Amino acid sequence: MVKGKLYGMGNPLLDMTCTVDEAYLKKYELQPNNAILAEEQHRPIYEELQNENYKVSYSPGGATQNTIRVAQWYLNEPEATSFVGCIGNDSFGDKMKACMKKEGIKTNYLVDPNVPTGVCAVLLTGKNRSLVTKLDAANEYKQSHLSSPSTWSLVTDASYYYIAGFFLTVSPECMIEIGEHAVAENKVFCMNLSAPFLSQFFKEPMAKVLPYCDIVFSNEDEARAFSKDFGFNSTDLGVIAQKLAALPKNNDKRSRMVIFTQGDKPTVVFHDGKVTEYPVLPISPENIVDTNGAGDAFAGGFLSAYCQEEELDACIQKGMEAASMIIQVSGCTLPERE
């Protein structure tokens, strides 16, 4: 396995995971199964969770970072993956660096001494999760850091790139720079649609990055929001996948693959001109702890197989295994290797 074969860039966050009641969500006007960026009204959440009688668990988070962690866990070779993003010069950032190193991932964080490390409140109600993200340092990533020799060498070493759509709010320019390298070298560039608000409020940068995308991941809510915002006039996931795959593409040596997960319903894949549905692995409802990170884990499992050039069916299977593993634990918690 080549070192650094899979490269991720995104918003490194420390997840603060906590069970709350529906009244708590209502207090902050939050939906039970959604992801948003924190506004002024949400800022008290983070101190409340730390200072009041909530049982909070901390773990490295952020969509792309979680996907890379899962892929690394499956690849199980030191520094098979790399990750880049911006953190603060603080204990949360130190905690993140130590954890990523222990998990065998090569990181090259930009450290901003003026802004704290980003956090994500993962508010659990039953099987649902509401994500409220305060980007802070994650929002300060600079293109000059990507262009620096220590970071760009990670880009050139890699053959597969994965960036969650959340990074569109930070630096679409960096996504395009990596996309251009991927096209020039016929490497594989992947993006996740990540959240319904992105296709609505960040449609223009999303439209600029999409031509570089060889693989697009999404869940059903994000796919239907994308369909609405991009004028597809369909709620049928097969039709949306086909139309998304047909959007302009810069690398004509690869056809675009589109993968839509939809919880316990079949995963919809458009590839090589046809739609295929893959039934998910059955899990007893009582074994589901929380669904946070299921989509990130699916992408990580899938990419761990895909970057080893396994057959598509095996890649989908590995994605489903990863998602199944993650929803049976709290947060994106990976088992210790024997």
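Placed above this text is the structure.
Note that the structure is a prediction, hence the values are computed from the model and not measured.

Examining the overall build of the chain
At step 1: A count of helical and extended segments in the chain gives 13 helices and 16 strands.
At step 2: In terms of overall size, the chain behaves like a compact globule, its C-alpha atoms giving a radius of gyration of 19 Å where 338 residues would be expected to give roughly 20 Å.
At step 3: On the principal axes, the C-alpha backbone points of the chain span a range of 55 × 45 × 45 Å.
At step 4: Among the 338 residues that make up the chain, the fraction classed as buried is 57%.
At step 5: Within the chain, contacts between residues at least 6 apart in sequence are counted, and of these 73% link residues at least 24 apart.
At step 6: Across the chain, 30 positive and 43 negative side-chain charges occur, with their mean positions spaced 2 Å apart.

Concerning the pairing of strand β2 (residues 13–19)
At step 1: In terms of burial, β2 is largely enclosed, as 6 of its 7 residues are buried.
At step 2: Inspection of the sheet shows β2 paired to strand β4 (residues 57–61) by 5 bridges, in the antiparallel sense. Across the sheet, residue T17 finds its bridge partner in β4, namely S57.
At step 3: Where β2 and strand β9 (residues 118–125) come together, 7 bridges link them in parallel fashion. Its bridge partner lying in β9, T19 is registered against L124.

Points about the sheet that holds β2
At step 1: Read from one edge to the other, the open sheet built from 5 strands follows the order β3-β10-β9-β2-β4, with strand pairing classed as mixed. Each having just a single partner strand, β3 (34–37) and β4 make up the two edges of the open sheet. Ignoring which end each strand starts from, the neighbouring axes of this sheet average 25 degrees apart.
At step 2: The sheet contacts of helix α2 (residues 44–51) involve β2, β4, β9 and β10 (128–134), and relative to β9 the element is tilted by about 70 degrees.
At step 3: Seen against the sheet, helix α3 (residues 63–75) touches β2 and β4 and runs at an angle of roughly 85 degrees to β4.

Here's the deal with the packing of α3 against helix α13 (residues 312–326)
At step 1: The contact between α3 and α13 brings their axes to 12 Å, and the two run at 110 degrees. The orientation of α3 with respect to α13, classified from their angle, is roughly perpendicular. The crossing of α3 and α13 is right-handed. Contact residues: V70, W73 and Y74 in α3; K318, E321, A322 and M325 in α13.
At step 2: Residues that form the contact of α3 with α13 fall into these classes: 5 nonpolar, no polar and 2 charged.

Side note on the pairing of strand β12 (residues 188–192)
At step 1: For β12, the tally of buried residues reaches 5 of 5 residues, placing the bulk of the element in the interior.
At step 2: Because side chains alternate across β12, one face comprises the buried residues V188, C190 and N192, and the other comprises F189 and M191, equally buried.
At step 3: Pairing geometry for strand β11 (residues 160–164) and β12, over 5 bridges, is parallel. The residue bridging Y162 from the neighbouring strand is C190, located in β12.
At step 4: Of the strand pairs in this sheet, β12 and strand β13 (residues 215–219) are connected by 3 bridges, and their pairing is parallel. Residue pairing for β13: N192 is matched across the bridge by F217.

Looking at the nonpolar core
At step 1: Among the nonpolar cores identified, the biggest contains 55 residues, and Y7, Y141 and F189 are the most heavily contacted of them.
At step 2: Apart from the residues lying within four places of it in its own chain, the contact partners of F189 are Y161, I163, M175, I178, G179, A182, V209, Y212, C213, D214 and I215.
At step 3: Judged by nonpolar contacts, the second largest core, of 32 residues, contains L75, A80, F217 and V269.

Let's talk about the layout of surface pockets
At step 1: The space that makes up the second largest pocket amounts to roughly 380 Å³.
At step 2: Residue contributions to the lining of the second largest pocket peak at 3 residues, all from α3.
At step 3: Classifying every residue of the lining of the second largest pocket by side-chain character gives 7 nonpolar, 5 polar and 6 charged.

Some details on the packing of aromatic side chains
At step 1: Enumeration according to the criterion identifies 17 aromatic pairs in this entry.
At step 2: Judged by centre distance (6.4 Å) and plane angle (20 degrees), the ring pair of F298 and F302 falls under stacked. Residue F298 and its partner F302 are both found in helix α12 (residues 294–306); the two are separated by 4 residues, about one turn of the helix. As far as the burial class goes, F298 and F302 line up, both buried.
At step 3: These aromatic residues form a ring-pair network of at least three members: Y160, Y162, F217, F298, F302 and Y306.
At step 4: Over the ring of Y58 we find K95, and its NZ or CZ is 5.0 Å from the ring centre.

Quick word on the side chain of H181
At step 1: Assignment of secondary structure puts H181 in helix α7 (residues 172–184).
At step 2: At 3.0 Å, the side chain of H181 forms a polar contact with the side chain of K187.
At step 3: Not counting residues up to four positions away in its chain, the partners in contact with H181 are W152, V155, T156, Y161 and K187.

The rules behind the values
- Residues numbered from 1 in each chain as written.
- Predicted model: local features only at pLDDT ≥ 70, side-chain atom pairs only at ≥ 80, totals over all residues.
- Heavy atoms only, no water.
- Helix = DSSP H or I, 4+ residues; strand = E, 2+ residues; numbered from the N terminus.
- Rg over C-alpha atoms; globule rule 2.2 N^0.38 Å.
- Buried < 20%, exposed > 50% of the residue type's maximum accessible area, 1.4 Å probe, protein only.
- Contact = heavy atoms within 4.5 Å.
- Lys, Arg positive; Asp, Glu negative; His and termini not counted.
- Charge placed at Lys NZ, Arg CZ, Asp CG, Glu CD.
- Pairing = 2+ DSSP bridges.
- Axes fitted to C-alpha atoms, helices over the stretch in contact; angles between N-to-C directions.
- Parallel < 35°, antiparallel > 145°, perpendicular 65-115°, else oblique.
- Left-handed = near helix turned anticlockwise from the far one by under 90°.
- Nonpolar A, V, L, I, M, F, W, Y, C, P; charged D, E, K, R; others polar.
- Core = buried A, V, L, I, M, F, W, Y, C linked by side-chain atoms within 4.5 Å.
- 1 Å grid on protein atoms, 1.4 Å probe; cavity = no way out; pocket = protein on both sides within 12 Å on 5 of 7 lines; lining within 4 Å.
- Points joined across faces, edges and corners; volume = space filled by probe spheres on them.
- Phe/Tyr/Trp six-rings, centres within 6.5 Å; stacked < 30°, edge-to-face > 60°.
- Lys NZ or Arg CZ within 6 Å of the ring centre and 35° of its normal.
- Polar contact = N/O pair within 3.5 Å; in protein donor to acceptor, adjacent residues only side chain to side chain.

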